[in-house]
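Here is what each chain is made of, one letter per residue.
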Amino acid sequence: MSSTTSLPSITTPKAEAPAPAANSGATASKPKPCCVCKDEKALRDDCMLFSKEADPMVSCKPLIDQYKTCMKGFGFNI
């Protein structure tokens, strides 16, 4: 004897599509600051962290300036 028992179905909510961002065209094409000038940033950070100088800002100034120039090229003023 086989009896068929109907189990209630569990429905999962459907994933909704993400709402489009309310950005203007200019900011949509601008990259995030974390995603640009990675090499320059790494060199600057290494210099600042591992400098033996009393004031790393002085010895690392060329790398800091290089990073700032790179960021300005992408429209970031730091």
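The structure displayed is predicted, hence computed values, not measured ones.

1. Description of unusual backbone geometry
Although it is not a glycine, Cys37 sits at a positive phi angle of roughly 55°. With respect to the helices and strands, the residue Cys37 is situated in the loop between helix H1 (25-29) and helix H2 (38-50).

2. Points about the pattern of salt bridges
Scanning the model with the defined rule gives two salt bridges in all. Across the pair Asp45 and Arg44 runs a salt bridge, and its minimum N-O distance is 2.7 Å. Residue Asp45 is classed as partly exposed on the basis of its relative accessible area of 26%.

3. A word on the confidence of the model for the chain
Taken as a whole, the chain shows an average pLDDT of 80; of its residues, 64% reach a score of 70 or greater. Taken together, the stretch residues 17-24 has pLDDT below 50 and engages in one contact with residues farther than four places along the chain or on a different chain.

4. Comments concerning the state of the cysteines
One pass over the full model with this rule turns up two disulfides. The residue that forms a disulfide with Cys37 is Cys70, at a sulfur-sulfur distance of 1.9 Å. Negative torsions about the S-S bond denote left-handed disulfides, and the value of about -95° found for Cys37 with Cys70 makes this one left-handed. Separated by 33 residues along the polypeptide, Cys37 in the loop between H1 and H2 and Cys70 in helix H4 (residues 61-73) bring together distant segments of the chain. Of the two residues examined, Cys37 and Cys70, each falls in the buried class.

5. What about the environment of Gly73?
By secondary structure assignment, the location of Gly73 is in helix H4. It is 9.8 Å that separates the C-alpha atoms of Gly73 and Val36, two residues lying 37 residues apart in sequence.

6. Comments concerning H4
In this model, H4 (13 residues) spans 18 Å end to end at C-alpha, consistent with the 18 Å of a helix rising 1.5 Å per residue. Where H4 is concerned, the buried positions are Ile64, Tyr67, Cys70 and Met71. Down the axis of H4, the smallest arc covering the buried residues is 125°, so these residues share one side. Exposed side of H4, more than 90 degrees from the buried face: Pro62, Thr69, Lys72 and Gly73 are the residues found there. For H4, the secondary structure elements touched by its buried residues are H2 and helix H3 (56-59). Immediately downstream of H4, the backbone of Gly75 shows phi near 90°, a positive value.

Rules used in this analysis
Residues numbered from 1 in each chain as written. Predicted model: local features only at pLDDT ≥ 70, side-chain atom pairs only at ≥ 80, totals over all residues. Heavy atoms only, no water. Helix = DSSP H or I, 4+ residues; strand = E, 2+ residues; numbered from the N terminus. Salt bridge = Lys/Arg side-chain N within 4 Å of Asp/Glu carboxyl O. Buried < 20%, exposed > 50% of the residue type's maximum accessible area, 1.4 Å probe, protein only. pLDDT = per-residue confidence, 0-100. Contact = heavy atoms within 4.5 Å. Disulfide = S-S within 2.5 Å. Expected span 1.5 Å × (residues − 1). Arc of directions from axis to C-beta.

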